[in-house]
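# Descriptive structure summary
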Amino acid sequence: MTIALETRNLEKTFGGLRVTRDLSLKIEQGARHALIGPNGAGKTTVINQLTGVLKPNSGRILLEGQDITDLPVHRRVLRGLSRTFQINQLYPDLTPLETIGLAVSERLGHGGDWWRRMGTRSDVNGEIADLLTRFHLLDVMNEQTVTLPYGKQRLLEIAVAIAAKPRVLLLDEPAAGVPESERHDILAVVGSLPRDVTVLLIEHDMDLVFSFADRISVLVSGALLTEGPPEQVARDPQVKAVYLGEEAVNV
Amino acid sequence: MSASSDVGFHAQRHARWHYGEAAFWLIVLACGFVFPSRYLIMTDILRLALFAMSLDLILGYAGIVSLGHAAFFGVGAYAAGLLALHGVINEPVLALIAAGLAAMVLGFATSFLVIRGVDLTRLMVTLGIALLLEALAERFSNITGGTDGLQGIEMQPILGQIPFDMFGKAGFFYSLAVLFVLFLLARRIVHSPFGLSLRAIKNNPLRAAAIGIPVNRRLIAIYTLAAFYAGIAGALFTQTTAIASLDVFAFDRSADLMLVLVIGGAGYLYGGLIGAVIFRMLQEVFSTITPQYWQFWIGLVLVVIVLVGRQRLHYGVLFLPNLLIKQIAGRKAVVTVPESDA
């Protein structure tokens, strides 16, 4: 199996706090890999380093074998690494049509086009229509994003990431905050992603993790605790301790 | 696929010309024939409108605040003055473009300072650059004429055909033509994928980068273009008034520009144009009523605008035209003001 995304000895500190400790991960091509861990384990910090929002103090990040550690965010996207955010990061004033249109235009290299009008390229329009349909956004495509219900915004958040046609997709808690009634749409969309797309899922919801992932890495205090197939991780006494410990505190 | 053509249709929704827009430009053109004794102030308004459109490009679309936009206006003004004074380029249109390019070079060079930082840093950096240029213009008085300004500028006929007349008629139509051409260009640009990406950056730079938009490069591009526009506005100033003095760099000029956009609204291109008209009219009216305290009344108007909200004011102003259109044409209102708040 080829490795789609890899970290080698990743280290990140905020002041005196080590939030990522010597983290080496390998995510196989086409995998459904989940990164789990209690609150504050540093999962989102890892994502931010993978996507280039944060720079690691040391260690390397490889996308399909190529070192991307020093690339800026937008270059990683063009190389096929795309993400969703735990808290929606959308354009409040723009419509779903414009939001997705931009992502498609950028990927096809028309983003810097300053002369041709938006909406005059039939290949771009076709893709936008396709994505809007798939994500049940066709009926609200001309509404301002800020006015959309949360579930629709969440779908748009994922649609934007998919519009970049990623080879590796990072999903940061895709179902976070989505009401039960709208959850089904999101899970269906996540489940129907093409198999050649590698997915790294960060999630709190254990039902979702165990129904979706074929491999799980457990992060605790910024370091890798254990890794393996779901059944093995579920039985792991260390993992149980971490999660039970957390639950005991919550109760 | 019908959804695809549907998408194409809706994507071009804002890019299509509305009747209201055509009416706007016809009215502006008509002013040139209806008020032949008012060319000077109307030319002044056109220049201010172009200058404000320049700020709108960076502020309304890309979200870059600036308190030193006069830097580019000033460079354009002096460049046009020097070109004409020394007879380097005698033909006004060519000189205008050359002056715009000079400002553009400055815009490109300073864009790297401006795109770094957040709003407050940007305000300070842009302000600083304008002050710096003003001081330089004063210091190198052998070139700029110092506090006296450039004197004895004589403008050659436009395109070698149309001479500038003392009533300002040629100047007005010349300025109007320049404004309209640059407006068409700006309109084209803001409805392109590039223009849309600027709005995305303004809305959410984090997400913009996360879909592959090279944020810094786009900001540099629009800042440079806005500098070109401001330079042209400055060059028009010199060409139509035949003077260039230190006040082209003045802080007031940059600050007034912000007020123009606050009045007119940012992010839909017409804000600068409408704002310029209202701003100058208010200035005229108030300074006729109270020559000493007109600034007080301008200030009061601004406070009212901010308190009431521009959207509601626009709705009030556009209520009648919209009603007429509805009654006469029997269709839904087309005069609307799509805008994003600056």
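Residue positions are given per chain, counted from 1 along the sequence in the order it is written. Chain letters and ligand numbers both follow the written order, the letters beginning at A and the numbers at 1. Totals for whole chains, interfaces and linings use every residue, but because this is a predicted model, local features are given only for residues with pLDDT of at least 70 and side-chain atom pairs only at 80 or more, for both listing and counting.

- In the nomenclature of an unreviewed UniProt entry, chain B is known as Branched-chain amino acid ABC transporter permease of Bradyrhizobium zhengyangense.
- In its Subcellular location (unreviewed entry) section, UniProt records this for chain B: "Cell membrane". UniProt positions are given in the numbering used here, feature names are shortened, and annotations may be inferred rather than shown by experiment.

- An unreviewed UniProt entry lists chain A under the name ABC transporter ATP-binding protein, from Bradyrhizobium zhengyangense.
- Regarding chain A, the relevant UniProt record gives this comment under Function (unreviewed entry): "Involved in beta-(1-->2)glucan export. Transmembrane domains (TMD) form a pore in the inner membrane and the ATP-binding domain (NBD) is responsible for energy generation."

### Some remarks on the overall build of chain B
- The secondary structure listing takes helices from DSSP runs of H or I that are at least 4 residues long and strands from runs of E that are at least 2 residues long, numbered from the N terminus. For chain B, the helix and strand inventory stands at 15 helices and zero strands.
- Rg of the C-alpha trace for chain B: 20 Å, near the compact-globule value of 20 Å for 342 residues, within the 12% margin.
- Whether a residue is buried, exposed or partly exposed is read from the other C-beta atoms within 10 Å of its own C-beta, which are placed from the backbone; 20 or more gives buried, 12 or fewer gives exposed, and intermediate counts give partly exposed. In chain B, which comprises 342 residues, the proportion classed as buried is 46%.
- At a minimum sequence separation of 6, the contacts of chain B that also span at least 24 residues come to 75%. Here the globule rule is a power law, 2.2 Å times the number of residues to the power 0.38, and the radius of gyration is based on C-alpha atoms. Whether two residues are in contact depends on their C-beta atoms, placed from the backbone: they are in contact if these lie within 7 Å.

### A look at the overall build of chain A
- When you go through chain A residue by residue, the secondary structure sums to nine helices and 10 strands.
- Its C-alpha radius of gyration of 19 Å places chain A within 12% of the 18 Å reference for a compact globule of 251 residues.
- Each principal axis of the C-alpha distribution contributes one length, and for chain A these read about 55 × 40 × 40 Å.
- The burial tally for chain A puts 44% of its 251 residues in the buried class.
- Restricting to contacts in chain A with at least 6 residues of sequence separation, those with at least 24 account for 65%.

### Details of helix H5 (residues 150-163) of chain A
Residues and elements named next belong to chain A.
- Taking 1.5 Å per residue as the helical rise, H5 with its 14 residues ought to reach 20 Å, and the 20 Å between its terminal C-alpha atoms agrees with that figure.
- The element H5 is largely enclosed, with a buried count of 10 among its 14 residues.
- Listed as buried for H5 are Lys152, Arg154, Leu155, Leu156, Glu157, Ala159, Val160, Ala161, Ile162 and Ala163.
- The secondary structure elements touched by the buried residues of H5 are strand S6 (81-83), helix H3 (96-107), helix H4 (122-134), strand S7 (168-172) and helix H6 (180-191).
- A positive phi of about 45° marks lysine 165, the residue just after H5. Expected helix span is computed as 1.5 Å times (number of residues minus one).

### Concerning the interface of chain B and chain A
- Opposite the 32 residues of chain B that make contact, chain A presents 42 residues.
- Elements that contribute at least two residues to the side of chain B that touches chain A include exactly helix H1 (2-11), helix H8 (169-190), helix H9 (193-203) and helix H10 (205-210) of chain B.
- Among the elements that line the side of chain B that touches chain A, the one with the most residues is H9(B), at eight residues.
- Classifying every residue of the side of chain B that touches chain A by side-chain character gives 16 nonpolar, 12 polar and four charged. Each residue gets one of three labels, nonpolar for Ala, Val, Leu, Ile, Met, Phe, Trp, Tyr, Cys and Pro, charged for Asp, Glu, Lys and Arg, and polar for the others, Gly among them.

### Here we look at the sheet that holds strand S3 (residues 32-36) of chain A
All names here are of chain A.
- We call two strands paired when DSSP finds no fewer than two bridges between them. Strand order in the open sheet formed by six strands is S6-S7-S8-S3-S9-S10, and the pairing between neighbours is mixed. Every interior strand has two partners, whereas the edge strands, S6 and strand S10 (223-228), have only one. Averaged over all pairs of adjacent strands, the angle between strand axes in this sheet comes to 20°, irrespective of strand direction.
- Of the strand pairs in this sheet, S3 and strand S9 (residues 215-220) are connected by four bridges, and their pairing is parallel. By the bridge assignment for S9, isoleucine 36 is matched with valine 218. Only the stretch in contact is used when fitting a helix axis, every axis being a line fitted to C-alpha atoms; angles between N-to-C directions are given from 0 to 180 degrees.

### Re the UniProt feature "transmembrane region" (unreviewed entry) in chain B
Residue and element names in this part refer to chain B.
- The sites that carry the UniProt feature "transmembrane region" (unreviewed entry) are, in the present numbering, residues 22-41, 48-73, 93-115, 172-190, 219-237, 257-282 and 294-313.
- Regarding residues 48-73, the helix share stands at 69% and the strand share at 0%, and the terminal C-alpha atoms are separated by 10 Å.
- For residues 219-237, helix accounts for 100% and strand for 0%, while the C-alpha atoms at its two ends are 27 Å apart.

### A few points about the pairing of S7(A)
Residue and element names in this part refer to chain A.
- Where burial is concerned, most of S7 is hidden: five out of the five residues are buried.
- Residues Val168, Leu170 and Asp172 point to one face of S7 and Leu169 and Leu171 to the other, with burial holding for every one of them.
- Bridge count between S7 and strand S8 (residues 198-202): five bridges; the pairing is parallel. Counterpart to leucine 171 in the pairing with S8 is leucine 201.
- Crossovers are described as right-handed under a simple rule: with the strands pointing away from the observer, the path leading from the first strand over the helix to the second runs clockwise. Crossover S7 to S8 through H6 is right-handed.

### A look at the confidence of the model for chain B
Residues and elements named next belong to chain B.
- Overall, the predicted model of chain B reaches an average pLDDT of 90, with 93% of residues at or above 70.
- The pLDDT value expresses, per residue, how confident the predictor is, ranging between 0 and 100. Overall, residues 333-342 carries pLDDT values under 50, and its contacts beyond four positions in sequence, including any with other chains, amount to 31 contacts.
- Per the prediction output, this complex has pTM 0.91; the corresponding ipTM is 0.91.

### Considerations on the pairing of strand S1 (residues 3-14) of chain A
Residues and elements named next belong to chain A.
- The pairing of S1 with strand S2 (residues 17-28) spans eight bridges and is classified as antiparallel. Bridge pairing in S2 places isoleucine 3 opposite glutamate 28.
- Where S1 folds back onto S2 in an antiparallel hairpin, the turn is made up of two residues, including glycine 15, whose phi is positive at roughly 60°.
- Where S1 lies against strand S4 (residues 58-63), five bridges are found, and the strand directions are antiparallel. Note on S4: the bridge partner recorded for arginine 8 is arginine 60.

### Regarding the packing of helix H4 (residues 70-85) of chain B against helix H5 (residues 92-114) of chain B
Residues and elements named next belong to chain B.
- Where H4 contacts H5, the axes come no closer than 8 Å and their chain directions differ by 140°. Taken together, the axis directions place H4 and H5 in an arrangement best described as oblique. In terms of crossing hand, the pair formed by H4 and H5 is right-handed. Each of Ala71, Phe72, Val75, Gly76, Ala79, Ala80, Leu83 and Ala84 in H4 lies in contact with H5, whose residues at this interface are Ala95, Leu96, Ala98, Ala99, Gly100, Ala102, Ala103, Leu106 and Gly107.
- Looking at the contact of H4 with H5 residue by residue, the classes come out as 14 nonpolar, three polar and no charged. Convention used here: angles under 35 degrees read as roughly parallel, angles over 145 as roughly antiparallel, angles from 65 to 115 as roughly perpendicular, and any remaining angle as oblique. Left-handed describes a crossing in which the near helix is turned anticlockwise from the far one by less than a right angle; the clockwise case is right-handed.

### A word on the sheet that holds strand S5 (residues 66-67) of chain A
Residue and element names in this part refer to chain A.
- As summarised here, the arrangement of the four strands in space is S2-S1-S4-S5, forming an open sheet in which the pairing is antiparallel. The strands lining the two open edges of the sheet, one partner per strand, are S2 and S5.
- Of the strands in this sheet, S1, S2 and S4 touch helix H1 (residues 43-51), which is tilted by about 65° from S2.

### Structural notes on the packing of helix H3 (residues 39-61) of chain B against helix H12 (residues 251-264) of chain B
Residue and element names in this part refer to chain B.
- Between H3 and H12, the shortest axis-to-axis distance is 9 Å and the interhelical angle comes to 75°. The angle between H3 and H12 places the two elements in the roughly perpendicular class. The residues of H12 that touch H3, namely those facing Leu48, Phe51, Ala52, Leu55, Asp56, Leu59 and Gly60, are Leu257, Val260 and Leu261.
- When its residues are assigned to classes, the contact of H3 with H12 shows eight nonpolar, one polar and one charged.

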